[in-house]
Amino acid sequence: MIAPEGKIILIPLLLLVLAGTGIQAYYPSEGLKWFNLALAVLTLFSLYFFRDPQRITPAKEGFLSPADGKIVQIIDVEDEEMGSARQISIFLSLFNIHSQRVPISGKVISKQYNPGNFLIAFNHKASMDNEHTAVLFETENGKRYKIKQIAGFIARRILNYMEPENLVQRGQRLGFIRFGSRVDIILPRDFQIDVSLGDMVQGNKTIIGQFQ
């Protein structure tokens, strides 16, 4: 399945490929041939990038990973809304699925957008310095957590579908980041973390840990 966020890129590319192929059929040229080939490769990569498989939310209780990618950082932080907290950072390469999902049911408390830089998302400074959208949630049991969608060097478009006061369900679509990026999870200091640095996780599938 293709993510709806990709249509704005895929539809023009497909139209250009069709138009280029039609022109090449009537007016063959070596230059146009290579141009059409480059467009076809870009279109195929875009189809791959915007794939969005429908994953069944596991019945097992726990805090799901909101994104696909690699765990690149687990640290203690001080957050203005969460206070003393733990941060788990997930790096999304160009080859990861880029849709994000709600990790546990609850309520949206706040959403903040912060303009910033476009450092490489693997750089840990990206958590603070890059453009990002941060959403604070509260679970049905009164536990709070935050999800930060962070733009990277290539990513220039963060889409977020959360709004304050909305009730959200585990596995619900949270948002999408176009191209390489980073997702940070801010959790209470006593949260039980069940993943390790370097682990590969899958959104809406991997259990990150448990609230205490």
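Residues numbered from 1 in each chain as written. Predicted model: local features only at pLDDT ≥ 70, side-chain atom pairs only at ≥ 80, totals over all residues. Heavy atoms only, no water.

Chemist: I tried to follow the overall build of the protein chain on my own but got confused; where do I start?
Modeler: Check the secondary structure of the protein chain and you find 3 helices and 14 strands. When the backbone C-alpha atoms are referred to their principal axes, the protein chain occupies close to 70 × 35 × 30 Å. In the protein chain, 70% of the contacts between residues at least 6 apart in sequence involve partners at least 24 apart. Accessible surface, the protein chain: about 10,700 Å² in total, of which carbon and sulfur atoms supply 60%. Across the protein chain, the mean location of the 23 positive side-chain charges is 6 Å away from that of the 20 negative side-chain charges. (Helix = DSSP H or I, 4+ residues; strand = E, 2+ residues; numbered from the N terminus. Contact = heavy atoms within 4.5 Å. Areas by Shrake-Rupley, 256 points an atom, 1.4 Å probe, with all protein chains shown as cover. Lys, Arg positive; Asp, Glu negative; His and termini not counted. Charge placed at Lys NZ, Arg CZ, Asp CG, Glu CD.)

Chemist: Help me understand the side chain of asparagine 36, please; the structure alone is not making it clear to me.
Modeler: Here asparagine 36 shows up in helix 2 (residues 30-49). The residues touching asparagine 36, leaving out its near neighbours within four places in the chain, are Gly20, Thr21 and Gln24.

Chemist: What exactly am I supposed to notice about unusual backbone geometry here?
Modeler: Excluding glycine, a negative phi dihedral is what most residues carry, and trans is how most peptide bonds are arranged. Of note in this structure, glutamate 165 is not a glycine but carries a positive phi near 80°. Within the chain, asparagine 204 stands out as a residue other than glycine whose phi angle is a positive 65°. Along the polypeptide, asparagine 204 turns up in the loop between strand 13 (200-201) and strand 14 (207-210). Taking the relative accessible area as the measure of exposure, asparagine 204 reaches 4% and is therefore buried. (Buried < 20%, exposed > 50% of the residue type's maximum accessible area, 1.4 Å probe, protein only.)

Chemist: Help me out: how do you make sense of helix 2 in this one?
Modeler: Within an α-helix, residues lying three or four positions from one another point in the same direction, as the helix has 3.6 residues per turn. The terminal C-alpha atoms of helix 2 lie 29 Å apart, and with 20 residues this matches the ideal 28 Å at 1.5 Å per residue to within 8%. Buried within helix 2 are the following residues: Leu32, Asn36, Leu39, Thr43, Ser46 and Phe49. Down the axis of helix 2, the sector holding all buried residues measures 140°, keeping them to one side. In helix 2, the exposed positions that point more than 90 degrees away from the buried face belong to Trp34, Val41 and Leu44. Summarising the contacts, the buried residues of helix 2 are in contact with helix 1 (7-26) and strand 10 (173-177). (Expected span 1.5 Å × (residues − 1). Arc of directions from axis to C-beta.)

So, to be careful, I would describe these as geometric facts and stop short of saying anything about function.
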